[in-house]
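What the coordinates show
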Amino acid sequence: MLTNEAYKPINCDDYDNLELACQRHWTLKLELKNGSRLEAKAVDMVSRKNVEYLQVDLSGESRELRLDHIASFSHPELGTVIVSEDE
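How each quantity is defined
- Residues numbered from 1 in each chain as written.
- Predicted model: local features only at pLDDT ≥ 70, side-chain atom pairs only at ≥ 80, totals over all residues.
- Heavy atoms only, no water.
- Buried < 20%, exposed > 50% of the residue type's maximum accessible area, 1.4 Å probe, protein only.
- Helix = DSSP H or I, 4+ residues; strand = E, 2+ residues; numbered from the N terminus.
- Pairing = 2+ DSSP bridges.
- Axes fitted to C-alpha atoms, helices over the stretch in contact; angles between N-to-C directions.
- Contact = heavy atoms within 4.5 Å.
- Core = buried A, V, L, I, M, F, W, Y, C linked by side-chain atoms within 4.5 Å.

Naming follows an unreviewed UniProt entry, where the protein chain appears as Rho-binding antiterminator of Pantoea eucrina.

This is the structure in structure tokens:
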């Protein structure tokens, strides 16, 4: 994925659900807009140069996923959330 594309903020409710997942250290099933799927533990929300990221632990490896690259995420206590852009 291109990292120099303009960042598009996600819906506030979706952001809040990701923050909750970080607070509770939930393992999320994530689907990215490029079609890849992963299961990773939500660790933190990070903002850098006006771009927001979800920091995850993927099998012991720390990764940052741009929020606007996440298509959906799910957890048993949350259900499946289809990420939408902020309007």
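Still more to cover.
Considerations on unusual backbone geometry
The phi dihedral of N50 is positive, around 65°, even though this residue is not glycine. On the basis of relative accessible area, N50 is assigned to the exposed category, the value being 70%. A positive phi angle, close to 50°, is found at S59, a residue other than glycine. Mapped onto the elements of the fold, S59 is located in the loop between β3 (51-58) and β4 (61-66). Using a relative accessible area of 77% as the deciding quantity, one classes S59 as exposed.

Section: the pairing of β4
Pairing geometry for β3 and β4, over six bridges, is antiparallel. Bridge pairing in β4 links L54 to L65. Counting the residues in the hairpin turn of β3 and β4 gives two residues, including S59, whose phi is positive at 50°.

Let's talk about the sheet that holds strand β5 (residues 70-75)
Each strand in a sheet pairs with its neighbour through backbone hydrogen bonds, running either in the same direction (parallel) or in the opposite one (antiparallel). Spatially, six strands are ordered β4-β3-β2-β1-β5-β6 in an open sheet, and the strand pairing comes out antiparallel. Unpaired on one side and paired on the other, β4 and β6 (79-82) mark the two borders of the sheet. On average, each strand axis in the sheet is tilted by 40° relative to the strand beside it, whichever way the strands run. Note that strand β2 (residues 37-48) and β3 share seven bridges and pair antiparallel. Paired with S47 across the bridge in β3 is E52. On the sheet, helix α1 (residues 12-23) packs against β1 (27-32), β2, β3, β5 and β6 and is oriented at approximately 105° with respect to β2.

Describing the nonpolar core
Inside soluble globular proteins, nonpolar side chains tend to come together where they are buried. Counting 25 residues, the largest nonpolar core has L18, L28, L30, L54, L67, I70 and F73 as its most contacted members. Listing elements by their share of this core, those giving two or more residues are α1, β1, β2, β3 and β5. Once residues lying within four places of it in the same chain are set aside, the contact partners of L18 are I10, L28, M45, L54, L67 and F73.

Topic: the pairing of β2
Where β1 lies against β2, five bridges are found, and the strand directions are antiparallel. Residue pairing in the sheet places K29 in a bridge with E39 of β2. Once β1 ends, the chain turns through four residues before running back antiparallel as β2, passing G35 with a positive phi of about 95°. Linking β2 back to β3 in an antiparallel pair, the connection comprises two residues, with K49 at a positive phi of about 55°.

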